[in-house]
Amino acid sequence: MNPDWRARYELAVVAAERAARQALTHFPDADSAGFADKVAWKDDLSPVSFADREAEALLRDLLLGAFPDDAFLGEESGARPGSSGYRWVVDPIDGTRSFVRGIPLWGTLVGVEYKGELFAGAAVLPVLGHTYRALRGDGAFRGDRRLHVSNVASLDHSLLFCSTLSGFFKARREADFLELTRRTQRQRAFGNFYGFALVAEGAGEVMIEHGVHPWDVAALVPILEEAGGRLTDWKGGRTIDRPDVLATNGKLHDVVLRLLSGT
């Protein structure tokens, strides 16, 4: 195993857990009296809290303190170039809307890539005490339990996850989403990274979302793929730079892509 990859992987896990614990000290933040003072709204009407900024600052200090020549991309602080070929891609609180309303399904995400190849990721759900992690070639885990996607091979026996319907309406793809709901056995809207994690551990087969950014999915690519699944855009491209994303157990990926393409 490449020692540089392993060193960054191990740091990704430690840093994500520390930042998640820091954010947890501000949760729940749902009291109406303090809500306006603790949350700001970006131009795209997504919220950002003091906890987001604090957790990202901690991540930035930990990651770049250990590897100062690496690049960095964070949801709150933006991009910083590097010279090593490595880049950290982080989301301090994936699910800020849930966080500020006292809903426990939010997490801290840290992905790391080398020359564009995402080789390690950590996703920490502190309220439930879950750490999802993966290193390319070494498997995916939740804690010490190895993750495997499910063996379900037909849509009519599958469980579909999503975050919100608004993205599909904005993309004018609501008909495609409704067809997927018709074709799948059950549907659940857990929100944000959690649906991807559930696919990785075999609790469902399909997670589909529109409106994501690189920091929303970078950590999840190694976890899904090391668990045996696939994560692409809606055209089948292996990229984190498009707003549309599809994660499956692999067995259902092509059939969902065909539905999305209308064929």
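Just so it is clear, the model here is predicted, and its values are computed rather than measured. (Residues numbered from 1 in each chain as written. Predicted model: local features only at pLDDT ≥ 70, side-chain atom pairs only at ≥ 80, totals over all residues. Heavy atoms only, no water.)

Within the protein chain one finds ten helices and 15 strands. On C-alpha atoms alone, the protein chain measures out to a radius of gyration of 18 Å, which is about the 18 Å that the 2.2 N^0.38 rule sets for 263 residues. If one aligns the C-alpha atoms of the protein chain with their principal axes, the spans along those axes are about 50 × 50 × 30 Å. Burial analysis of the protein chain (263 residues in total) assigns 53% to the buried set. Within the protein chain, residue pairs in contact and separated by at least 24 positions form 61% of the contacts whose partners lie at least 6 positions apart. Here the protein chain displays about 11500 Å² of accessible surface, and carbon together with sulfur accounts for 51% of that area. Across the protein chain, the mean location of the 31 positive side-chain charges is 4 Å away from that of the 36 negative side-chain charges. (Helix = DSSP H or I, 4+ residues; strand = E, 2+ residues; numbered from the N terminus. Rg over C-alpha atoms; globule rule 2.2 N^0.38 Å. Buried < 20%, exposed > 50% of the residue type's maximum accessible area, 1.4 Å probe, protein only. Contact = heavy atoms within 4.5 Å. Areas by Shrake-Rupley, 256 points an atom, 1.4 Å probe, with all protein chains shown as cover. Lys, Arg positive; Asp, Glu negative; His and termini not counted. Charge placed at Lys NZ, Arg CZ, Asp CG, Glu CD.)

This part takes up the sheet that holds strand S13 (residues 206-210). Spatial strand order, S12-S11-S13-S15-S14: five strands in an open sheet with mixed pairing. Across the chains shown, the open sheet's two edge strands, defined by having one partner strand only, are strand S12 (186-189) and strand S14 (230-232). Between one strand and the next, the sheet's axes are offset by a mean angle of 15°, whatever the strand orientation. Inspection of the sheet shows S13 paired to strand S15 (residues 244-248) by five bridges, in the antiparallel sense. (Pairing = 2+ DSSP bridges. Axes fitted to C-alpha atoms, helices over the stretch in contact; angles between N-to-C directions.)

So, about a nonpolar patch on the surface. Residues Leu24, Val127 and Leu128 make up a contiguous nonpolar surface patch of about 200 Å² in total accessible area. Note on placement: Val127 falls in the loop between strand S7 (117-125) and strand S8 (130-135). (Patch = residues over 30% accessible without salt bridge, like charges linked within 9 Å, V, L, I, M, F, W, Y side chains within 5 Å. Salt bridge = Lys/Arg side-chain N within 4 Å of Asp/Glu carboxyl O.)

Next up on the list: the side chain of Arg133. Mapped onto the secondary structure, Arg133 falls in strand S8. For Arg133, the side chain forms a polar contact with the side chain of Tyr9, separated by 2.8 Å. A polar atom in the side chain of Arg133 sits 2.8 Å from the backbone oxygen of Gly143. Here Arg133 is in contact with Tyr9, Val13, Gly121, Ala122, Gly139, Ala140, Phe141, Gly143, Asp144 and Ile223, once residues within four sequence places are set aside. (Polar contact = N/O pair within 3.5 Å; in protein donor to acceptor, adjacent residues only side chain to side chain.)

All right, on to the sheet that holds strand S5 (residues 86-94) then. Strands sit in the order S4-S3-S5-S6-S7-S8-S9-S10 across an open sheet of eight strands; the sheet is mixed. Among the strands making up the open sheet, the edge pair consists of strand S4 (78-80) and strand S10 (145-146). In terms of strand pairing, strand S6 (residues 107-114) meets S7 through seven bridges, oriented antiparallel. Across the sheet, the residue bridging to Tyr114 is Glu117, located in S7. Here helix H3 (residues 50-66) sits on the sheet and contacts strand S3 (71-74), S4, S5 and S6; the angle it forms with S5, its principal contact strand, is near 155°.

A separate point is the pattern of salt bridges. Tallied over the full model, the rule gives 16 salt bridges. In this structure, Asp70 and Arg8 form a salt bridge, with 2.9 Å as the shortest nitrogen-oxygen distance. In this pair, Asp70 is assigned in the loop between H3 and S3 and Arg8 in helix H1 (residues 3-24), connecting sequence segments 62 residues apart. As far as the burial class goes, Asp70 and Arg8 line up, both buried. Note that Glu201 is salt-bridged to Arg142, the shortest N-O span being 3.0 Å. Of the two residues, Glu201 sits in the loop between helix H7 (193-200) and S13 while Arg142 sits in strand S9 (residues 139-142), which places them 59 residues apart along the sequence. What you see here is one network of salt bridges that share partners, running through Glu117, Arg136, Glu225 and Arg238.

Where a strand is regular, its side chains alternate between the two sheet faces. The buried count for S6 comes to seven of eight residues, which makes it a mostly enclosed element. Note: S5 against S6, seven bridges, orientation antiparallel. From the neighbouring strand, Val89 faces S6, where its bridge partner is Gly111. Joining the antiparallel neighbours S6 and S7 is a turn of two residues, in which Lys115 adopts a positive phi near 50°.

Here the focus is the nonpolar core. In terms of nonpolar packing, the biggest core is built from 36 residues, with Tyr132, Phe193, Phe196, Ile223 and Leu231 touching the most fellow members. Listing elements by their share of this core, those giving two or more residues are S7, S8, strand S11 (159-162), H7, helix H8 (214-217), helix H9 (220-226) and S15. Among the elements that make up this core, the one with the highest residue count is H7 (seven residues). Leaving out residues up to four positions away in the same chain, Phe196 has contacts with Met207, Glu209, Val217, Leu220, Leu224, Leu231, Val245 and Ala247. Core analysis: the second largest hydrophobic core is formed by 33 residues, Tyr9, Leu11, Ala20 and Phe67 among them. (Core = buried A, V, L, I, M, F, W, Y, C linked by side-chain atoms within 4.5 Å.)

Bringing unusual backbone geometry into the picture now. Of note in this structure, Lys115 is not a glycine but carries a positive phi near 50°. Here Lys115 is to be found in the loop between S6 and S7. Since its relative accessible area comes to 66%, Lys115 is described here as exposed.

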